[in-house]
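If you want the building blocks of each chain, they are given just below.
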Amino acid sequence: MTSIYIGVMTGTSMDGVDLVAASFDPLDLHATLTIPFEPELRDELMALTLPDDNEIDRMGKADVTLATLIGHGINELIEKNHLDRNQIKAIGSHGQTIRHRPEHGFTLQIGDPNIITEITKIPVISDFRRRDMAAGGQGAPLVPAFHQAIFQHSSIHRVILNLGGIANVSLLPAGRPEDVYGFDTGPANILMDAWCERYTGHPYDENGNWAAYGHPIRGLLERLQAHEFFSKEPPKSTGREDFNIDWLDDQLADWRNDELEYDELEDTPENVQATLLKLTTRAIKKAIYRSDLDTGEVYVCGGGAYNSHLLEQLRWRLRKHNWSVQSTSVLGLSPTWVEATAFAWLVMRFITQQSGNLPSVTGAEGFRVLGTMTCV
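The rules behind each value
- Residues numbered from 1 in each chain as written.
- Predicted model: local features only at pLDDT ≥ 70, side-chain atom pairs only at ≥ 80, totals over all residues.
- Heavy atoms only, no water.
- Helix = DSSP H or I, 4+ residues; strand = E, 2+ residues; numbered from the N terminus.
- Contact = heavy atoms within 4.5 Å.
- Polar contact = N/O pair within 3.5 Å; in protein donor to acceptor, adjacent residues only side chain to side chain.
- Axes fitted to C-alpha atoms, helices over the stretch in contact; angles between N-to-C directions.
- Parallel < 35°, antiparallel > 145°, perpendicular 65-115°, else oblique.
- Nonpolar A, V, L, I, M, F, W, Y, C, P; charged D, E, K, R; others polar.
- Pairing = 2+ DSSP bridges.

**As for the environment of Thr-295**
Here is step 1 of the chain: By secondary structure assignment, the location of Thr-295 is in the loop between α11 (269-289) and β11 (297-301).
Here is step 2 of the chain: Along the chain, Thr-295 and Arg-158 lie 137 residues apart, while their C-alpha atoms are 8.5 Å from each other.
Here is step 3 of the chain: Dropping the residues within four chain positions of it, Thr-295 is found in contact with His-157, His-321, Asn-322 and Trp-323.
Here is step 4 of the chain: Only 3.3 Å separates the side chain of Thr-295 from the backbone oxygen of Asn-322, close enough to count as a polar contact.

What follows is the structure, given as structure tokens:
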């Protein structure tokens, strides 16, 4: 009987929950489902990423609301696709990250696994990050181990680029599994989405069309790139604590007050959007060109894989060494489902008591089995 594992992912963009039912060896997706967040839940989760009043009570309510949504969503996934519950070994729920502070040794995800287990009557594996952090790691990114298992090639260098709220890269040297590494490169959709929603009313910049209409602002770009995260050496990870709309507003205010840099004619919303896109592509280019990989293939996943202008700009920036840039769909896995599938894979690793982290990526002292189980 085939063993099926369910992966649950809510990302930095906070637009909804992705659910995947998968089996491995070989990889097979049996069912997928996305459940969008209600605006009230999304707004609350966004707010909880930064310090504010009455955080603990508000966090507790959101914890219950999110877990209830996930639990009923998993039941819907199972029932709509006529999955055999006897084949489902466990659920892997990453939860929604509301605080990630590796410099202080802690991270916090919500979406109570006890509630999910109670609703689904299936064991839940959760809390994937803290075991790695206890071993001295960043607790992120966790997907490179999955990327290595599924996408590494014996003779072609590959980079798996995840463009969620935050961008991260997995560098997969051809035929050298021991040399795989990866890290967060900086913001991707997290700032572009917020800026787009503020000025257009749309939750994201479809195909990057709005950014394509603008022109990057050199002085603003240089100011944004001065953030200390960009100069850090890997291993490194980041999130809304570092990059958020309030931070962007502060940088804009400083730029506008600097008489040497500020140009009123440049200061248009579409030019700021173009600058944010360039901030993302520059950091990715730097990450790839600083590796020892001379040329190869870049495969993009996450919501940003559908931003055609961003991908065009990335191809242009990587043209020097003839890197190709394509979606992970070319490799048989849609960009939408890569991260949720990664947590289904991490569940499989937990159930079989195999490590789920890569010390070369997170900086942990060694390989660790990740997660804790909530039993039925």
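What follows continues from the structure just given.
**Let's talk about unusual backbone geometry**
Here is step 1 of the chain: Look at the link from Asp-25 to Pro-26: it is a cis peptide, with omega at 5°.
Here is step 2 of the chain: Turning to its location among the elements, Pro-26 is positioned in the loop between β2 (16-23) and β3 (28-36).
Here is step 3 of the chain: Across the junction of Pro-234 and Pro-235, the peptide omega takes the value 5°, indicating a cis bond.
Here is step 4 of the chain: You can see Pro-235 is positioned in the loop between α9 (228-231) and α10 (245-257).
Here is step 5 of the chain: Phi angles above zero are rare outside glycine, and His-82 is one such case at about 55°.

**Side note on the packing of helix α5 (residues 144-151) against helix α13 (residues 338-351)**
Here is step 1 of the chain: The interhelical angle for the contact between α5 and α13, taken along N-to-C directions, is 90°, at an axis separation of 9 Å. As summarised for this structure, α5 and α13 are arranged roughly perpendicular, according to the angle between their axes. Counting all contacts with α5, which are made through Ala-145, Phe-146, His-147 and Ala-149, the residues of α13 involved are Val-338, Thr-341, Ala-342 and Trp-345.
Here is step 2 of the chain: Its residues assigned to classes, the contact of α5 with α13 shows six nonpolar, two polar and no charged.

**Focus: the pairing of β3**
Here is step 1 of the chain: The pairing of β2 with β3 spans eight bridges and is classified as antiparallel. Its bridge partner lying in β3, Leu-19 is registered against Leu-33.
Here is step 2 of the chain: Taking the residues that link successive antiparallel strands as the turn, the β2-β3 hairpin has four residues, and the phi of Asp-25 there is positive, at about 60°.

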